[in-house]
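# Architecture at a glance
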Amino acid sequence: MRKLLLTFLLILFSSNILFAQRDTDHWFAPYFDSQNSTPYTHTLYFSTDSVAPFEVKIFNNNTQIGAVTISKNNPQSFPLPAQFIWTDNDSMASTTVNMGVYTKGTKPYFASLRAAMSAHG
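Residues numbered from 1 in each chain as written. Predicted model: local features only at pLDDT ≥ 70, side-chain atom pairs only at ≥ 80, totals over all residues. Heavy atoms only, no water.

Bringing the overall build of the protein chain into the picture now. A count of helical and extended segments in the protein chain gives 1 helix and 8 strands. Along the protein chain, helices and strands appear, N-terminal first, in the series α-β-β-β-β-β-β-β-β. For the protein chain, with 121 residues in total, the buried portion stands at 27%. Counting only contacts in the protein chain whose residues sit at least 6 apart along the sequence, the fraction spanning at least 24 positions is 69%. (Helix = DSSP H or I, 4+ residues; strand = E, 2+ residues; numbered from the N terminus. Buried < 20%, exposed > 50% of the residue type's maximum accessible area, 1.4 Å probe, protein only. Contact = heavy atoms within 4.5 Å.)

All right, on to the packing of aromatic side chains then. Taken as a whole and judged by the stated rule, the model has 3 aromatic pairs. Arranged with centres 6.0 Å apart and planes meeting at 55°, the rings of F46 and Y109 form a pair that is tilted. Of this pair, F46 sits in strand β3 (residues 40-47) while Y109 sits in strand β8 (residues 101-117); the two residues are 63 residues apart in sequence, bridging distant segments of the chain. For the residue pair F46 and Y109, the accessibility class agrees, reading buried in each case. Geometrically, the ring pair formed by F59 and Y102 is tilted, given 6.1 Å between the ring centres and 40° between the ring planes. Residue F59 is located in strand β4 (residues 54-60), and its partner Y102 is located in strand β8; the two are separated by 43 residues in the primary sequence. Here the aromatic residues F46, F54 and Y109 are joined through ring pairs into a cluster of three or more. Across the ring face of Y45, the terminal group of R114 is positioned such that the distance to the ring centre comes to 4.0 Å. (Phe/Tyr/Trp six-rings, centres within 6.5 Å; stacked < 30°, edge-to-face > 60°. Lys NZ or Arg CZ within 6 Å of the ring centre and 35° of its normal.)

All right, on to the pattern of salt bridges then. In the structure shown here, the tally under the stated rule is 1 salt bridge. Across the pair D49 and R22 runs a salt bridge, and its minimum N-O distance is 3.3 Å. One end of the pair, D49, is in the loop between β3 and β4; the other, R22, is in the loop between α1 (2-18) and β1 (23-28), and 27 residues separate them in sequence. Residue D49 is classed as partly exposed on the basis of its relative accessible area, which comes to 38%. (Salt bridge = Lys/Arg side-chain N within 4 Å of Asp/Glu carboxyl O.)

What follows covers the pairing of β4. Taking every second residue as pointing to the same face, the buried face of β4 carries F54, V56, I58 and N60, while none of E55, K57 and F59 on the other face is buried. In this structure, β4 lies alongside strand β5 (residues 63-70), joined through 7 bridges in antiparallel fashion. The partner of I58 across the bridge, within β5, is G66. Hairpin connection from β4 to β5: 2 residues lie between these consecutive antiparallel strands, with N61 at a positive phi of about 55°. By the bridge criterion, 4 bridges tie β4 to β8 in an arrangement that is antiparallel. Paired with V56 across the strands is G105, a residue of β8. (Pairing = 2+ DSSP bridges.)

If you want it as structure tokens, here you go:
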């Protein structure tokens, strides 16, 4: 009986970890970089395992700044202006002031923020 319970708990916890980043909403906090002389290019990437297409809305400071429609085998990206996510003021980093990006969809999806500098490969 003890082995059965342990096996059940192991399966339960491992299945929860597999879907940790798949959700109906995501929030990206602003980040601080005081040494940034060459600005980064920021892009949000969205994907899902849902066959039916659905819209993901992108917000900053409770104002919609864009939207993408995603479905399985049709991931999308959204170029994000730096003023929504990057700050050189350390008191604004990782806080919910007027910066940061919030995304909301009707079905679970994956989202990531990528920053690239043109001076690097």
